[in-house]
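# Architecture and fold: a report
The residues making up each chain are set out below.
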Amino acid sequence: MALSFTRFKDRIWFLFDGGLRRMRNAPHWVERAGYGGFGLMLRIAYHLPGAPMKPTNTALARILGNPNPTAMHHAWVNRMQLGLERMEMLRNGETEALDAMLKIPEAAKLDAALAQGRGAVLVMPHCQASIAMVRGLAARYPTLMLVRESKKDARAETQHSYYVHLGCDCIDVRRTPEASVARAVLKALKSGMLVVGVVDRIQRPPPDGVSYDKTRDRVRVEVFGQPVSMAGWPARFAGKLKSPILPAMAVQTETTISLELADPLIPQSIETTTQDIASGLETFLRSSPQDWLFLYDKQWTRVLKAAAASDS
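## Focus: a nonpolar patch on the surface
Taken together, the side chains of Leu40, Ile44 and Leu48 present a nonpolar region at the surface, about 260 Å² in accessible area. Looking at the element boundaries, Ile44 is found in helix H2 (residues 28-46). Looking at Ile44, the relative accessible area reads 47%, which means it is partly exposed.

Structure, rendered in structure tokens:
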């Protein structure tokens, strides 16, 4: 049986989470060794027979014209280690240090979008530093973050241990009724707040001839030249108030977390707007694949392999 990335994460989760909690109070050299050990496991997993990491990364490297997919994976692991370290800073309440790390090179785009008085929706892929970035963002702007806690109680408890330090409103879209989520989002936008959510949890596209599946709130879009379905909530909610939408990505360095922003989108039809979001995010994924946490997600593995094959 092939070893999926999800199964690999499940097998190491409790060891990993327990170790992280202890490392933050350990001597610095122990902490460094701990993160390095986790990185080593991910580097070894890349070469395991039947594991999806290597073929997925090879496919992305072919799409990007990068001749060294192994180096791309090592860069991804390095960014994950940075992201984990910053998540533990958040869990331990080291919020001032995280706030200082955040840089917004084109903050004027965000300021102008919010100045219209209809709030704004910031959409991004799952990034290595998504949560840590939101902490710094919420220190500057009134923010509502949409989160999706795990079905598993142990993981949900771990996620909550981060969210309580974000300094902003959070709503769990998995456990909250859809109508309540809608009211919270629209209320936040009407109050001029920034609504933040991740939207790269893709699925297979709707049936041929269907551009928008209203029942599942899934919109047919193209990414990397392949048809997929993406959540329609950003376009749906923003469209009601004509609130601007900003595709974004959190990009890390050793000392900073940078929020990279695309130009604001003015909502049109749900199909056109969601495709514009997908295209904006694809640009970021191509430029900063090492910061993309969902690179090895099984749906993206399928898309990247198909895209690489079509380029051959």
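## A few points about the pattern of salt bridges
Taken as a whole, this structure holds 11 salt bridges when the rule is applied. Glu88 is the salt-bridge partner of Arg91, the closest N and O atoms lying 2.8 Å from each other. Here Arg91 and its partner Glu88 are both found in helix H4 (residues 69-91), 3 residues apart, which amounts to about one turn of the helix. Residue Arg91 shares its accessibility class with Glu88, and that shared class is buried. The partner of Asp208 in a salt bridge is Arg220, and the shortest N-O contact between them spans 3.7 Å. With Asp208 in the loop between strand E5 (194-198) and strand E6 (212-213) and Arg220 in strand E7 (residues 218-223), this pair connects stretches of sequence that are 12 residues apart. A relative accessible area of 73% places Asp208 in the exposed class.

About the criteria used
- Residues numbered from 1 in each chain as written.
- Predicted model: local features only at pLDDT ≥ 70, side-chain atom pairs only at ≥ 80, totals over all residues.
- Heavy atoms only, no water.
- Patch = residues over 30% accessible without salt bridge, like charges linked within 9 Å, V, L, I, M, F, W, Y side chains within 5 Å.
- Areas by Shrake-Rupley, 256 points an atom, 1.4 Å probe, with all protein chains shown as cover.
- Salt bridge = Lys/Arg side-chain N within 4 Å of Asp/Glu carboxyl O.
- Helix = DSSP H or I, 4+ residues; strand = E, 2+ residues; numbered from the N terminus.
- Buried < 20%, exposed > 50% of the residue type's maximum accessible area, 1.4 Å probe, protein only.

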